[in-house]
Amino acid sequence: QMQLVESGGGLVQAGGSLRLSCAASGLTISGYTMGWFRQAPGKEREFVAATETARWTGSVYYSDSVKGRFTISRDNFKNTVYLQMNSLKPEDTAVYYCASTSRYYSDYATMNDYWGQGTQVTVSS
């Protein structure tokens with residue numbers, strides 16, 4: 001059974017950093033595109049970043065709102081994906097979800113296959 005478990009969330013001051021982890025089981029992430037999404041209170045879930053499987057192009061993608069501040073990476077040996085978040089802003093406050101897909105998407109912001117339970121990130125001003 002596929003499972004994605006996020007960790008690393010917490011409370012941080014604006015300008016600070018956090019690193020989120022997503023540990024996968026029941027799947028080998030080297031064959032999957034892995035992504036991070038977030039959902040703030042009262043808002044829809046939004047795409048944050050994705051690291052595409054090398055089976056396609058192996059590219060990484062970011063939303064404009066986090067480009068230059070967040071970095072997604074994967075450790076295929078540990079079967080874990082990371083999201084390094086720097087220069088955090090109060091508007092980054094949200095529940096962050098890990099996602100995975102074995103399918104190719106022309107726009108990974110629409111990927112909707114497997115999800116973790118989420119981890120809360122709160123950025124205080």
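Our structure's up above, just so we're on the same page.
The structure reproduced in this document is the subject of the present report. Small disclaimer: the values here were computed from a predicted structure and weren't measured. (Residues numbered from 1 in each chain as written. Predicted model: local features only at pLDDT ≥ 70, side-chain atom pairs only at ≥ 80, totals over all residues. Heavy atoms only, no water.)

In this section: the sheet that holds strand E3 (residues 18-25). Across the sheet, four strands lie side by side as E1-E3-E8-E7; this open sheet has antiparallel pairing. The open sheet has two free edges, formed respectively by strand E1 (3-7) and strand E7 (70-75), since each of these has just one partner strand. On average, each strand axis in the sheet is tilted by 15° relative to the strand beside it, whichever way the strands run. (Pairing = 2+ DSSP bridges. Helix = DSSP H or I, 4+ residues; strand = E, 2+ residues; numbered from the N terminus. Axes fitted to C-alpha atoms, helices over the stretch in contact; angles between N-to-C directions.)

Our focus in this paragraph is the packing of aromatic side chains. Under the defined criterion, the tally for this structure stands at six aromatic pairs. Between Phe-37 and Trp-115, the aromatic rings sit 4.9 Å apart at their centres with planes inclined by 70°, giving edge-to-face as the arrangement. Remark: Trp-115 occurs in strand E10 (residues 114-115) and Phe-37 occurs in strand E4 (residues 33-39); sequence separation between them is 78 residues. Ring geometry for Tyr-104 versus Tyr-108: centroids 6.3 Å apart, planes at 80°, classification edge-to-face. Given the relative accessible area of 3%, Tyr-108 is considered buried. Grouping aromatic residues by their ring pairs yields a cluster made of Trp-56, Tyr-61, Tyr-104, Tyr-105 and Tyr-108. (Phe/Tyr/Trp six-rings, centres within 6.5 Å; stacked < 30°, edge-to-face > 60°. Buried < 20%, exposed > 50% of the residue type's maximum accessible area, 1.4 Å probe, protein only.)

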